[in-house]
Amino acid sequence: MKIISWNIDSINAALTSDSNRAQMSREVLATILREDPDIIAIQETKLPKGGPSKKHKEILAEMFADYDYVFVSSEEPARKGYAGNMAFFKKGLEPTVTFPKIDAPDTMDFEGRIITLEFDDFFLTQVYTPNAGGELKRLPLRQIWDEKYGEYLSSLDEIKPVIATGDFNVAHKEIDLANPDGNRMSAGFTDEERQGFTNLLDRGFTDTFRHIHGDVEGVFTWWAQRVKTSKINNSGWRIDYFIVSDRIKDLVKDSKMIDSGERQDHTPILLDINL
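Calculation criteria
- Residues numbered from 1 in each chain as written.
- Predicted model: local features only at pLDDT ≥ 70, side-chain atom pairs only at ≥ 80, totals over all residues.
- Heavy atoms only, no water.
- Helix = DSSP H or I, 4+ residues; strand = E, 2+ residues; numbered from the N terminus.
- Buried < 20%, exposed > 50% of the residue type's maximum accessible area, 1.4 Å probe, protein only.
- Phe/Tyr/Trp six-rings, centres within 6.5 Å; stacked < 30°, edge-to-face > 60°.
- UniProt positions renumbered as here; feature names shortened; annotations may be inferred.
- Salt bridge = Lys/Arg side-chain N within 4 Å of Asp/Glu carboxyl O.
- Pairing = 2+ DSSP bridges.
- Axes fitted to C-alpha atoms, helices over the stretch in contact; angles between N-to-C directions.

Peer 1: So what exactly am I meant to see when it comes to unusual backbone geometry here?
Peer 2: Peptide bonds are mostly trans, and most non-glycine residues show a negative phi. With omega at 10 degrees, the peptide bond leading from Glu76 into Pro77 counts as cis. With respect to the helices, strands and loops of the structure, Pro77 is situated in the loop between strand S3 (67–72) and strand S4 (85–90). The residue Ser10 is not glycine, and still its phi comes out positive at about 95 degrees. On the basis of relative accessibility, which here comes to 12%, the residue Ser10 falls in the buried class. Here Leu136, not a glycine, exhibits a phi torsion of approximately 60 degrees, which is positive. Of note, Leu136 is situated in the loop between strand S7 (123–128) and helix H4 (139–157).

Peer 1: When you look at the packing of aromatic side chains in this model, what are you seeing that I'm missing?
Peer 2: One pass over the structure, following the stated rule, counts 11 aromatic pairs. Taking the centre distance of 6.1 Å and the plane angle of 85 degrees together, the rings of Trp222 and Trp237 count as edge-to-face. Of the two residues, Trp222 sits in strand S10 (residues 222–223) while Trp237 sits in the loop between S10 and strand S11 (240–245), which places them 15 residues apart along the sequence. Overall, Trp222 belongs to the partly exposed group, its relative accessible area being 22%. You can call Trp237 buried: its relative accessible area is 11%.

Peer 1: Explain the UniProt feature "domain: Endonuclease/exonuclease/phosphatase" (unreviewed entry) in the protein to me, please; I cannot follow it from the model alone.
Peer 2: When the UniProt feature table is mapped onto this chain, "domain: Endonuclease/exonuclease/phosphatase" (unreviewed entry) is found at residues 4–247. In residues 4–247, helix accounts for 28% and strand for 21%; the two terminal C-alpha atoms are 21 Å from one another.

Peer 1: Help me understand the pattern of salt bridges in this model?
Peer 2: Two side chains carrying opposite charge are able to pair once their charged atoms lie near each other. Within this structure, the stated rule accounts for 22 salt bridges. Where Arg184 meets Asp181, a salt bridge forms, and the shortest distance between an N and an O atom there is 2.9 Å. For Asp207, the salt bridge is made with Arg238, and the minimal N-O distance between the two is 2.6 Å. Here Arg238 lies in the loop between S10 and S11 and Asp207 lies in strand S9 (residues 205–207), a separation of 31 residues in the sequence. For Arg238, a relative accessible area of 1% translates into the label buried.

Peer 1: Help me understand the sheet that holds strand S2 (residues 39–43), please; the structure alone is not making it clear to me.
Peer 2: Within a beta sheet, neighbouring strands are joined by backbone hydrogen bonds and run either parallel or antiparallel to one another. Taken in spatial order, the 6 strands line up as S3-S4-S2-S1-S14-S12 in an open sheet, and their pairing is mixed. Since the sheet does not close on itself, it has two edges, and those belong to S3 and strand S12 (252–257), each with one partner. Across the sheet, the axes of successive neighbouring strands diverge by a mean angle of 15 degrees, strand direction being ignored. By the bridge criterion, 5 bridges tie strand S1 (residues 2–7) to S2 in an arrangement that is parallel.

Okay, structure coming up:
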């Protein structure tokens, strides 16, 4: 089974805008579709509560003709047009779909952050993890989220093996970003967030990229848009992951990044697993 995950940073812009960035986003979508994955997990869709518009649906029906899809969006009391997820799966696959709430703090349970697909032999769950925010204002809430999310994955793992993917908004180790010394107090690389990810893996999960590639350096999934040379200089972070239950880690055939060309921000990631 081949699964691709990508933080798209607004599917509306990717589908309907004529900007240079939107054109690059559509090229990335075309690259994803050429891989012919069974499942595509998309984060940060930024759609309204009602989901795709009529125009969006027409474009999606043509672009993703071989797929069915589900979505979850931010809703009151959370901000409108914020966060959100979509999952595309090949027609003929018939997962049971849930949009879990995990007793997260503040409005996090209403921000459209998780979609879970249950299949006969495994769960696939995708996440857009809350960012600790400017000046780390949301870090205490993020720490609670990490614990609640870990409990949620453990509850799934008790039933059947789990594949979890998405934007986890944390670079786990120093080799997961280009400039660790300059970012120790930055959102996504605080000791608290890194420990939260360690705690998650310690529950019985494996970071598939590290499982396959070991301690390879200089491989990232995100480059800051605001720094024009970040991707040229490969000054990036690895914050997007596929993690799996330890008992299925040896079924992983590949876990890698997909080239997104000149487009900065996130690049897609791919998991090939023999299920």
